[in-house]
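# Coordinates in review
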Amino acid sequence: MKVLKFGGSSLADANQFKKVKDIALSDEERKYIVVSAPGKGVRSSHKVTDLLLMCYQLASHDLNFNEIYEIIEKTYKEIVDELELSVDIDKILKDIHGEIQNGASKDFTASRGEYINAILLADYLGWSFVDAKDIIFFNRGDLDEEKTEREISKVLQDSPYTVIPGFYGQDENGKIKTFSRGGSDITGSLIANALKSEIYENWTDVSGFLVADPKIVENSKTIDYITYRELRELSYMGAPVLHEDSIVPVKKYGIPINIRNTNAPSDKGTTIIPNYDDEKITNNITGIAGKRGFSVITIEKTFMNTEYGFFRKIMSVFETNEIPIEHMPSSIDTVSLIVDTGKIVEKLDKIIEEIKIYTNPKSISVEHGISLIAIVGKGMVNSKGTSGKIFTALGNNDVNVRMISQGSSELNIIIGVLDKDFEKAIKSIYEAFN
Ligand code: ASP
């Protein structure tokens, strides 16, 4: 049995609904579908969730929100008309309008995009509709995992061919509560987990993850397989597509997530798996991702490595100033702290002063304009020469490497280069392995 989730662009208009129907009905193991609200598409340039949030904002200031609400109405009415659905969309829209007008909460308002979309898709497929509020539960702000898992199996186990709205559930007071934005991915993952689905198919508008950013590497290959952990390493560097928290539920039973493209359904996409079988390791690098805008603070002090509590003192300066440290490579006499420039600029002078007071260093220097690049690949563990290949490629292309850090799990190598070399570095590494 398979659980599917369709994102907003996959359900943006009637034409997209048709594609979803073909996908759903082409495999009878596809038994549960989670939907997002309509997203950007050929006809609409706005996401319904954004429009709903705007309605809420206007309503909460006692302002008229009809102009915005009409765009939402048009989106749904067109779908209902073109697909000749039997849903009484006018009534649903009128009721929700009334609730927003009468002070509905922000989460309730935001959730209605998914709610309506699930009703429409269920009608179109001739499937049942189950409201997410009856299977997803929160308690004091957090997901109530146990209750959610229990209720999903209780309600859905014997009710195959069902559509469920993503993104929300109910809290301990019975009020609607949403996940953070993009949270329908989490709903799908929770359902796949509770029903022990064979696979969780996440349908979107790209055919999976690419090895490198296509804006930097033209025609980058698609990643066929990636482990949950590798994906975490890459998403830290900003490879969106999937909500970060959606990995956690399926991890429990090792259910694979398959990222698929609604607009190119025969593409295999990327499959996110718990671990590699050897034959799935095709290359010792899985993906390359990077981010600009870091600063390196280098502190020099002779024999710092033998001084008790030296690192703790530095850490406490960063901790009390609430600056997260991204990496901290060190040598006998120096330690470099790599931090997000945006987070430190305003406090930089204060921090330097505090480090001087606390640790009495020989020197402190700061360099801005550093990019971090993560080269991620489980295969690195078992292959010799991966780093040799990376640094040869960088050297041959005249990229000066300012920092190197290899995670102890050998899952990744992170390098720091000057911002000006960012794209060149990613291109050279990609080419060395492909
Ligand atoms: N519709 C919500 C959003 O735009 C949730 C989702 O699409 O997953 O964030």
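Okay, so let's go over this structure. (Residues numbered from 1 in each chain as written. Predicted model: local features only at pLDDT ≥ 70, side-chain atom pairs only at ≥ 80, totals over all residues. Heavy atoms only, no water.)

## Focus: the site of the ligand
Keep this limit in mind: By convention in these notes, a residue is near a molecule or strand provided one of its non-hydrogen atoms lies within 4 Å of it. Per-residue and other accessible areas follow the Shrake-Rupley method at a 1.4 Å probe size, with only the shown protein chains counted as cover for residues. With a 1 Å grid laid over protein atoms only, a set of points is called a cavity when a 1.4 Å probe fits there but cannot get out and a pocket when it is open yet has protein on both sides within 12 Å along at least five of seven lines; lining residues have an atom within 4 Å of a point. For a cavity or pocket, the test is whether more than half of a molecule's atoms lie within 2 Å of its grid points; if they do, the molecule sits there. Gly falls in the polar group here, along with every residue not listed as nonpolar (Ala, Val, Leu, Ile, Met, Phe, Trp, Tyr, Cys, Pro) or charged (Asp, Glu, Lys, Arg).
Every residue near the ligand is listed here: Ser36, Lys47, Thr49, Glu114, Phe167, Arg181, Gly182, Gly183 and Ser184. Coverage of the ligand by the protein chains reaches 93% of its 260 Å² of free accessible surface. In this structure, the ligand is accommodated by the largest pocket. Partitioning the shell around the ligand into residue classes produces 1 nonpolar, 5 polar and 3 charged.

## With respect to the nonpolar core
Here is the rule: Side-chain atoms within 4.5 Å are what join buried Ala, Val, Leu, Ile, Met, Phe, Trp, Tyr and Cys residues into a set we call a nonpolar core. The buried label goes to any residue with under 20% of its type's maximum accessible area, the exposed label to any with over 50%, and the partly exposed label to all in between, with areas taken from a 1.4 Å probe on protein chains only.
Of all hydrophobic cores here, the largest spans 67 residues; its most connected members are Ile272, Ile373 and Ile429. Ranked by size, the runner-up nonpolar core spans 42 residues in total, among them Phe17, Ala24, Phe65 and Trp203.

## Observations concerning the environment of isoleucine 79
The line we're drawing: Counting from the N terminus, the helices are the DSSP runs of H or I reaching at least four residues and the strands are the DSSP runs of E reaching at least two. In what follows, a contact means two residues having at least one pair of non-hydrogen atoms within 4.5 Å.
Note that isoleucine 79 resides in helix α3 (residues 66–82). We classify isoleucine 79 as buried; its relative accessible area is 0%. When the C-alpha positions of isoleucine 79 and serine 26 are compared, they lie 22 Å apart, and in sequence the two are 53 residues distant. In contact with isoleucine 79, other than residues within four places in its own chain, are Leu11, Ala12, Asp13, Ala14, Phe17 and Leu120.

## Considering helix α4 (residues 89–101)
As a reminder, the rule being used: The length a helix should cover is 1.5 Å for every residue beyond the first. This arc describes the spread of directions from the helix axis toward the C-beta atoms.
For α4, with 13 residues, the first-to-last C-alpha span of 18 Å sits near the 18 Å given by 1.5 Å per residue. The complete set of buried residues in α4 reads Ile89, Ile92, Leu93, Ile96, His97 and Ile100. Projected onto a plane normal to the axis of α4, the buried residues spread over an arc of 130° and lie on a single side. The exposed set on the far side of α4, more than 90 degrees from its buried face, consists of Lys94 and Gln101. Check the buried side of α4 and you find it contacts α2 (48–60), α3 and α5 (106–125). Positive phi appears at glycine 103, one or two residues downstream of α4, with a value of about 90°.

## Things to note about the packing of aromatic side chains
Applicable threshold: A pair of Phe, Tyr and Trp rings is counted when the ring centres sit within 6.5 Å of each other, with Trp represented by its six-membered ring. The angle between the planes then sorts it: under 30 degrees is stacked, over 60 is edge-to-face, the rest tilted. Geometrically, a lysine NZ or arginine CZ counts as sitting over a ring once it is within 6 Å of the ring centre and also within 35 degrees of the ring normal.
For the coordinates displayed, the defined rule picks out 7 aromatic pairs. Ring centres 6.1 Å apart and planes at 85° place the aromatic pair phenylalanine 65 and tyrosine 69 in the edge-to-face group. In this structure, phenylalanine 65 and tyrosine 69 share a single accessibility class: buried. A cation over a ring is seen here: lysine 147 above phenylalanine 137, with NZ or CZ 4.2 Å from the ring centre. The side chain of lysine 177 reaches across the aromatic face of phenylalanine 138, ending 5.4 Å from its centre.

## Observations regarding helix α1 (residues 14–25)
Filter applied, for reference: Polar contact criterion, stated in full: a pair of N or O atoms within 3.5 Å, where within protein one must be able to donate a hydrogen and the other to accept it, and residues adjacent in sequence count only if both atoms are side-chain atoms.
Between its first and last C-alpha, α1 extends 16 Å over 12 residues, near the 16 Å set by a 1.5 Å rise per residue. Summarising the contacts, the buried residues of α1 are in contact with β1 (2–6), β2 (30–35), α3, α5 and β9 (199–204). For α1, the N-terminal cap is aspartate 13; the gap from its side-chain oxygen to the backbone nitrogen of asparagine 15 is 3.1 Å.

## Looking at the pairing of strand β11 (residues 257–261)
Moving residue by residue along a regular strand, the side chains alternate between the two faces of the sheet. Selection rule: Pairs of strands are assigned from DSSP output, requiring at least two bridges between the strands.
Most of β11 is tucked away: 5 of the 5 residues are buried. Residues Ile257, Ile259 and Asn261 of β11 are buried on one face, and the alternating residues Asn258 and Arg260, pointing to the opposite face, are buried as well. Of the strand pairs in this sheet, β11 and strand β12 (residues 270–273) are connected by 3 bridges, and their pairing is antiparallel. By the bridge assignment, isoleucine 259 is partnered in β12 with threonine 270.

## Section: the environment of lysine 424
Considering the arrangement of structural elements, one finds lysine 424 in helix α14 (residues 422–433). Every residue in contact with lysine 424, bar those within four places of it in the chain, is listed here: Asn397, Asp398 and Val399. Only 3.3 Å separates the side chain of lysine 424 from the backbone oxygen of asparagine 397, close enough to count as a polar contact.

## Remarks on the pattern of salt bridges
As a reminder, the rule being used: Whenever Lys or Arg places a side-chain nitrogen within 4 Å of a carboxyl oxygen from Asp or Glu, that contact is recorded as a salt bridge.
The final tally for this structure, using the stated rule, is 22 salt bridges. Measuring nitrogen to oxygen at the nearest pair gives 3.4 Å for the salt bridge that ties lysine 77 to aspartate 90. Within this pair, whereas lysine 77 is found in helix α3, its partner aspartate 90 is found in helix α4, the two being separated by 13 residues in sequence. A residue is classified by how much of its surface remains accessible, and lysine 77, at 30% relative accessible area, is partly exposed. As a salt-bridge pair, lysine 350 and glutamate 354 come within 3.2 Å of each other at their nearest N and O atoms.

## Focus: the packing of α4 against α5
Put simply, the test is: The axes used here are C-alpha line fits, helices contributing only the stretch in contact, and every angle between their N-to-C directions lies in the interval 0 to 180 degrees. Oblique is the label for any angle not covered by the other classes, which are roughly parallel (under 35 degrees), roughly antiparallel (over 145) and roughly perpendicular (65 to 115).
Running from N to C, α4 and α5 cross one another at 170°; their axes reach a closest spacing of 11 Å. Considered as vectors, α4 and α5 are oriented roughly antiparallel to each other. Every residue of α5 that contacts α4 at Ile89, Ile92, Leu93, Ile96, Glu99 and Ile100 is listed here: Phe108, Thr109, Arg112, Tyr115, Ile116, Ile119 and Leu120. A breakdown of the residues in the contact of α4 with α5 according to their chemical character gives 10 nonpolar, 1 polar and 2 charged.

## As for the layout of surface pockets
Test applied: Grid points are joined across faces, edges and corners, and a volume is the space filled by probe spheres set on the points.
Its boundaries defined by the atoms lining it, the largest pocket holds a volume of some 670 Å³. Lining the largest pocket are 29 residues, and of these Lys5, Gly8, Lys47, Gly182 and Val241 sit closest to its centre. Of all the secondary structure elements, the ones that give two or more residues to the lining of the largest pocket are α2, α7 (184–194) and β9. Examining the composition of the lining of the largest pocket, we find that 3 residues originate from one element, β9, more than from any other. A class-by-class count of the residues in the lining of the largest pocket yields 9 nonpolar, 12 polar and 8 charged.

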